[in-house]
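Single-letter residue listing:
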Amino acid sequence: MKAIQVYDVLRKPVITEKSTALQSSGKYVFEIARNANKAQVKEAVEKAFKVTVTGVNVMVVKGKLRRVGRGITVTPSRKRAIVTLKAGDKIELVEGV
């Protein structure tokens, strides 16, 4: 596994209605680097927030077609990770936003 920096793996937390609802069950959603894998995401979250990660689910969200005037453009694709924490752990940075 290639060693990369924590904030090269974790780009930003995803704050949506669905991701906020998941926080009550100990799951947090992050946008991650395209070349990051589950092991790297787990290590990055544990280092950055001092919590214990029990599971990581990764998905690629495809870009959507958008009309701009007469032209059509595509929004960029992005990769997300849903991180499940050990019962009792929480990430204060994302809580209550």
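In case you missed it, the structure is sitting above this.
This is a predicted model, so every value here is computed, not measured.

Visitor: How should the overall build of the protein be read in this particular structure?
Guide: A count of helices and strands for the protein gives 3 helices and 6 strands. Listed by position from the N terminus, the elements making up the protein come as α-β-α-β-α-β-β-β-β. For the protein, the spread of C-alpha atoms along the three principal axes comes to 50 × 35 × 20 Å. Here the protein holds 97 residues, and 30% of them are scored as buried. Considering only contacts within the protein whose residues lie at least 6 apart along the sequence, 60% involve residues at least 24 apart.

Visitor: Looking at this model, I keep getting lost on the packing of aromatic side chains. Mind explaining?
Guide: Aromatic rings in a pair are described by how distant their centres are and how their planes are angled relative to each other. With the rule as written, the count across this model stands at 1 aromatic pair. With 5.8 Å between their ring centres and 25 degrees between their planes, F30 and F49 make a pair best called stacked. Taken together, the residues span a long stretch of sequence, with F30 in strand 2 (residues 27-32) and F49 in helix 3 (residues 38-49) at a distance of 19 residues. Neither residue differs from the other here; F30 and F49 are each classed as buried.

Visitor: Looking at this structure, how should I read the pattern of salt bridges?
Guide: If the charged atoms of two oppositely charged side chains come close together, the side chains can form a pair. Applying the stated criterion to the full structure yields 1 salt bridge. Residue E43 is joined to K47 by a salt bridge in which the shortest nitrogen-to-oxygen separation is 3.3 Å. Of this pair, E43 and K47 both sit in helix 3, 4 residues apart, roughly one helical turn. For E43, a relative accessible area of 33% translates into the label partly exposed.

Visitor: Just to check I follow, could you spell out the side chain of E31 for this structure?
Guide: Position of E31 among the secondary structure elements: in strand 2. Of the buried charged residues, E31 lacks a salt bridge, with K12 as the closest side chain of opposite charge at 4.1 Å. In contact with E31, other than residues within four places in its own chain, are V9, L10, R11, K12, V14, R78, K79 and R80.

Cut-offs and rules
Residues numbered from 1 in each chain as written. Predicted model: local features only at pLDDT ≥ 70, side-chain atom pairs only at ≥ 80, totals over all residues. Heavy atoms only, no water. Helix = DSSP H or I, 4+ residues; strand = E, 2+ residues; numbered from the N terminus. Buried < 20%, exposed > 50% of the residue type's maximum accessible area, 1.4 Å probe, protein only. Contact = heavy atoms within 4.5 Å. Phe/Tyr/Trp six-rings, centres within 6.5 Å; stacked < 30°, edge-to-face > 60°. Salt bridge = Lys/Arg side-chain N within 4 Å of Asp/Glu carboxyl O. Lys, Arg positive; Asp, Glu negative; His and termini not counted.

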